[in-house]
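# Per-entry structural report
Chain by chain, the residues run as shown.
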Amino acid sequence: MSTMQNGSLKNIQQREQRPFVESFEKIPLLTAATTFIGFYLILLMGYVSSIIFTPKVAQERNRKGYVPLYDQFESFYSRYVYRRLKDCWNIPICSCPGSEVTVKDRVTHDCGWTFEYTGTRTTCLNLGSYNYLGFAQASGPCSDAAAVKIKELGCATASPRVEFGTQKIHQEIEALTAEFVGTEDAITFGMGFATNALNLPSIMSKGCLVASDEKNHASLILGLRLSGATIRVFKHNNMESLRKLLHNAVVYGQPRSHRPWKKIFIVVEGVYSMEGSIVRLPEIVQLKREYKAYLYVDEAHSIGAVGPNGRGVIDYFGVDPKDVDILMGTYTKSFGSAGGYIAGTKAFINHLRANSHANCYATSMPSACAEQIISSMKIIMGKDGTNEGRKRIQQLAHNSQYFRRKLNQMGIITIGNNDSPVVPMMVYMHSKIANVVRRLIKRDIAVVGVGFPATPLMEGRIRFCLSAAHTKEQLDYALTHIEEAADYLGLRYSRKPRSKEIVTYEEVGKEE
Amino acid sequence: MLVGGHGYSNPNANWLDNRGLWLSYGIGFLVLHLTLLSIPVLTTSTAWTLTNLLHNLFHFVFLHILKGSIWDTQDQGRSRELTQWEQIDSGMQFTSTRKFLTSAPVIMFLLTTFYTKYDNVHFIINFVSLMFVLLPKLPQFHEVRLFGINRY
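Residues numbered from 1 in each chain as written. Chains lettered and ligands numbered in written order. Predicted model: local features only at pLDDT ≥ 70, side-chain atom pairs only at ≥ 80, totals over all residues. Heavy atoms only, no water.

In this section: the overall build of chain A. When helices and strands are counted, chain A shows 16 helices and 15 strands. Here the C-alpha atoms of chain A give a radius of gyration of 24 Å, agreeing with the 24 Å that 2.2 N^0.38 yields for 512 residues. Looking at the 512 residues of chain A, the share that counts as buried comes to 54%. Carbon and sulfur atoms make up 55% of the accessible area of chain A, which amounts to about 22,900 Å² in all. Taken as two groups, the 61 positive and 48 negative side-chain charges of chain A have centres that lie 6 Å from each other. (Helix = DSSP H or I, 4+ residues; strand = E, 2+ residues; numbered from the N terminus. Rg over C-alpha atoms; globule rule 2.2 N^0.38 Å. Buried < 20%, exposed > 50% of the residue type's maximum accessible area, 1.4 Å probe, protein only. Areas by Shrake-Rupley, 256 points an atom, 1.4 Å probe, with all protein chains shown as cover. Lys, Arg positive; Asp, Glu negative; His and termini not counted. Charge placed at Lys NZ, Arg CZ, Asp CG, Glu CD.)

Let's shift gears to helix 1 (residues 29-52) of chain A. The end-to-end C-alpha distance of helix 1 of chain A is 35 Å, a good match for the 34 Å that 24 residues give at a rise of 1.5 Å each. Taken together, the buried positions of helix 1 of chain A are occupied by Thr31(A), Ala32(A), Ala33(A), Thr35(A), Phe36(A), Phe39(A), Gly46(A), Ser49(A) and Ser50(A). (Expected span 1.5 Å × (residues − 1).)

The next subject is the sheet that holds strand 14 (residues 448-450) of chain A. All names here are of chain A. Spatially, the three strands line up as an open sheet ordered 12-15-14, and their pairing is antiparallel. Strands with a single pairing partner mark the edges of an open sheet, and in this sheet they are strand 12 (422-426) and strand 14. If you compare each strand with its neighbour and ignore which way they point, the axes differ by 30° on average. Two strands pair when backbone bridges link them, and strand 12 and strand 15 (residues 461-465) are joined in this way by five bridges, in the antiparallel orientation. Across the sheet, residue Met 426 finds its bridge partner in strand 15, namely Arg 461. Against the sheet, helix 14 (residues 388-410) engages strand 12 and strand 15, with an angle of about 15° to strand 12. (Pairing = 2+ DSSP bridges. Axes fitted to C-alpha atoms, helices over the stretch in contact; angles between N-to-C directions. Contact = heavy atoms within 4.5 Å.)

The subject of this paragraph is the packing of helix 15 (residues 430-442) of chain A against helix 16 (residues 472-489) of chain A. All names here are of chain A. Interaxial distance between helix 15 and helix 16 falls to 10 Å at its minimum, and their mutual angle equals 140°. When the interaxial angle is binned, helix 15 and helix 16 end up oblique. With respect to the hand of their crossing, helix 15 and helix 16 are arranged in right-handed fashion. Contacts between helix 15 and helix 16 involve Lys 432, Asn 435, Val 436, Arg 439 and Leu 440 on the former and, on the latter, His 481, Ile 482, Glu 484, Ala 485, Tyr 488 and Leu 489. (Parallel < 35°, antiparallel > 145°, perpendicular 65-115°, else oblique. Left-handed = near helix turned anticlockwise from the far one by under 90°.)

So this is what it looks like as structure tokens:
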């Protein structure tokens, strides 16, 4: 049964298999007020200190008579807010970001203006990388195959696809991707962000309407803006809001002339990486059929990570791939490589081959990345003859559910869908985000904290990304220390009843 | 720092719309007021007038004098010449935040006139300070700069 919150439609055929459970608990009022007070204080202190002291970095030499390079007010945030917490981000790593990552330790002696390496390195448990299926390994069948391919095909093609950049391996990977996703054809690009930003302009133009989810990624927003289409935003994963938008679009047409729109697109993501929510695909497909819109699904975080066979949200919901007009995804997250793809009908992909900016001007994917994708995709599909792919998919599912349920039992607010591999833990205040990151680093756990302006003001969070490479012991270790941090900082904000049942970890392989 | 890539080209426009503003504003005001009340030299009337004046001063400086935002926004510098008040909700008038921020000085003024026992001198001072804060908030004064003050 889909939960009735967030506006789901009434008469949609319910999937019998898995219940769709998503939660977006709101911040308690007192916490919101104290978060605001925290912001006032930091702004006030920063403002006072910016008036009294000029920092070393702002003193420009030999510039007498010139206008200052940086307006003091515009650099306020990065100098007086971000600088105080700067040691929590951009930490250099010196190993492959698998289930463990080696970070280079650094200290700051002047409150974040400069950093110094201590010379030591720490191996930390990695809860921040999008390493969903654990393919970020420096050794193993994928990396060995990729190394062999470099000897065969070279490090880079140094040419766009339409010139000299198409190698046989590109055709191989496109065929394999099309088979993996279940469409007729696919086209690949060297960069995931560019796949969105540079292809949306070739798909839509002025006179088209795009219904875009509130929390869409920056690459989608950039691509939509570049295309010149009219963008209307609907509330995150809210089907009533989308229905109203589509209804009004069809009824009223274009703004002043009331002519019908050339095309109407719905642009959503499979799994939203900041919220950890999964798109309501069956309902969107029903809406799209009703209002004759086209559907574009960005499966960057869901391909390989959700679904019983790892084929993404299509697989998860059991939707026919032909219902989704344009399937986009990236190879960065679950396949341990780089690049993106767009999959669809043959006619559409042929159009992209001729009209896509990325195809015509951007360098094609290097052969090593392509080979990594081919070997990891074959493992996931089971084509290498082993059970490895299935085991990884199940391990990821078990890890994410176990972790989320344990966190909820502690009373910590986690948002998003129960089945998503991304688990955001709400912490709200910037000082708490920094404190959690610092405490966990000291205890050898590397996590990612996100605050304003990357997230809404009242939704500062620590975002855990689970991986198939994590073992139960590692997760338990992390959970113990997270519970310690929760006690120290008061992170048990949840007002929902906490279940007392013992959360067991289902071992992979026992199901078969 | 590059912000606004996620759809809001200027995060400064919406940051006051969030939950918790009203309560935190009230708490901040209360702390200010109680601090002033606890200074033994001041009478209640003076404390109230001082609170009102300081509150309106903060309001005026932070909302109507400070321009631009604390990041490099993605709106090609359109918000660099706008005061914080003009940026709220991207110029849309009569939203909840604007109504709250307009009514706060008015309520403060009414309370102050009551607690100063309707004394004439206090009234004039408080009224002048209220006008300083209320006039810039009128929709007619949107992007108006009198005598070229604070234009750039």
